[in-house]
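Summary of structural features
Chain by chain, the residues run as shown.
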Amino acid sequence: MSTYTHSVTVFCGSHLGNNPAYEQAGKDLGVGLIQNNYRLIFGGGNVGIMGAVSNSVIDLNGAVKGIIPKFLQKKEGEHSRVKDLIITQDMHSRKEILYNEADAFLCLPGGIGTFDEFFEILTWKQLHLHNKPIIIINIENWAEPVCHQLRAIVDQGFADAGILSLFEVIKDVPTTLERLNELLS
Ligand SMILES: Nc1ncnc2c1ncn2[C@@H]1O[C@H](COP(=O)(O)O)[C@@H](O)[C@H]1O
């Protein structure tokens, strides 16, 4: 198992989505995390983009920690290749570990679970509960609708414009890793 300098929690889909670029980005991120000495923290499933990122890290013997709630482990089976796999009682305790162990948060393409985690960690940053980097990796512009909604929230007077600087939107994996290196150095 490789050593690592920082831990990066990746929020991403339990499905692959309908654009092959999403899965490729997951694989590329896995390789990039290892090349930059980062440990992957993720939701512990062997499905969708989560599977793409984690298998890519494991294939290269990188550091990875998965956290999965008992009910999902029972329902769908955990990722048997992840040695450091924590089984939690519920979703809330899973999130606590996903959030606490991270030095930074990355979002790859995903669905409502991915956005749930993104919005929660963004809200916590707004509330000064943490000050860790949050980056949306905007592969093929998948996150533009939600970025539009965030701008609308500001325009409608429901949040200060400052919320828009609590996260970054970066177009691809290599640029994200460059930025992460700057932020974590
Ligand atoms: N099989 C699964 N293993 C782990 N986590 C899972 C699984 N299926 C769903 N999840 C949860 O969904 C989010 C990602 O949700 P999306 O709606 O696909 O974006 C993941 O973090 C888990 O909380």
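Placed above this text is the structure.
In this text, all values refer to a predicted model and were calculated from it rather than measured experimentally.

1. Observations concerning the side chain of Thr114
Following the sequence through the fold, Thr114 ends up in helix α5 (residues 112-126). Note on Thr114: relative accessible area 3%, which makes it buried. Reaching out from Thr114, the side chain makes a polar contact with the backbone nitrogen of Gly13 at a distance of 3.4 Å. Not counting residues up to four positions away in its chain, the partners in contact with Thr114 are Phe11, Cys12, Gly13, Leu108 and Trp142.

2. So, the sheet that holds strand β2 (residues 38-42)
Taken in spatial order, the seven strands of this open sheet run β4-β3-β2-β1-β5-β6-β7, and their pairing is parallel. In the strand order of this sheet, the two ends are held by β4 (84-88) and β7 (168-170), each with one partner. Direction aside, the axes of adjacent strands within the sheet are offset by 25° on average. Pairing between β2 and strand β3 (residues 64-69): three bridges, direction parallel. Paired with Ile41 across the strands is Lys65, a residue of β3. Against the sheet, helix α7 (residues 173-184) makes contact with β1 (6-11), β2, β5 (104-107), β6 (134-137) and β7, and its axis sits at roughly 170° relative to β6, the strand it touches most.

3. Some thoughts on the packing of helix α4 (residues 91-100) against α5
Between α4 and α5, the least distance of the axes is 12 Å, while the angle of their chain directions is 60°. Here α4 lies oblique to α5, going by the angle between them. In this structure, α4 meets α5 at a crossing whose hand is right-handed. On α5, the residues touching Arg94, Lys95, Leu98 and Tyr99 of α4 are Asp116, Glu117, Glu120, Ile121 and Trp124. Taken together, the residues of the contact of α4 with α5 sort by class into four nonpolar, no polar and five charged.

4. Brief notes about the pattern of salt bridges
Scanning all chains against the criterion turns up ten salt bridges. We note a salt bridge from Glu101 to Lys65, for which the minimum N-O separation is 3.1 Å. Separated by 36 residues along the polypeptide, Glu101 in the loop between α4 and β5 and Lys65 in strand β3 bring together distant segments of the chain. When its relative accessible area of 28% is taken as the criterion, Glu101 is described as partly exposed. Overall, the relative accessible area of 10% leaves Lys65 in the buried class. The salt bridge partner of Arg179 is Glu168, with a shortest N-O separation of 2.8 Å. Remark: Glu168 occurs in strand β7 and Arg179 occurs in helix α7; sequence separation between them is eleven residues. What emerges from the salt-bridge pattern is a single network uniting Arg39, Lys65 and Glu101.

Reading guide: rules and limits
- Residue numbering note: each chain is counted from 1, following its sequence as written.
- Residues qualify for local features only when their pLDDT is at least 70, as the model is predicted, and side-chain atom pairs are given and counted only at 80 or more; totals for whole chains, interfaces and linings, by contrast, use all residues.
- Excluding hydrogens and water, the side-chain figures rest on all heavy atoms present in the structure.
- Numbering of helices and strands starts at the N terminus; helices are DSSP runs of H or I of at least 4 residues and strands are runs of E of at least 2.
- Note on classification: 1.4 Å probe, protein chains only; a residue is buried when its accessible area is under 20% of the maximum for its type, exposed when over 50%, partly exposed between these limits.
- Distance and chemistry together define a polar contact, namely a pair of N or O atoms within 3.5 Å, with one atom able to donate a hydrogen and the other to accept it when in protein, and with adjacent residues in sequence counting only for side-chain atoms on both sides.
- Whether two residues touch is decided by their heavy atoms; if any such pair falls within 4.5 Å, the residues are in contact.
- Whether two strands pair depends on DSSP finding at least two bridges between them.
- A fitted line through C-alpha atoms serves as each axis, taken over the contacting stretch for helices, and the angle formed by two N-to-C directions is quoted from 0 to 180°.
- Put simply, angles under 35 degrees are roughly parallel, angles over 145 are roughly antiparallel, angles from 65 to 115 are roughly perpendicular, and the rest are oblique.
- Crossing chirality is assigned from the near helix's rotation relative to the far helix, an anticlockwise turn below a right angle marking it left-handed and a clockwise turn marking it right-handed.
- Asp, Glu, Lys and Arg are counted as charged, while Ala, Val, Leu, Ile, Met, Phe, Trp, Tyr, Cys and Pro are counted as nonpolar; the rest, among them Gly, fall into the polar class.
- Salt bridges are defined by distance alone: a side-chain nitrogen of Lys or Arg within 4 Å of a carboxyl oxygen of Asp or Glu.

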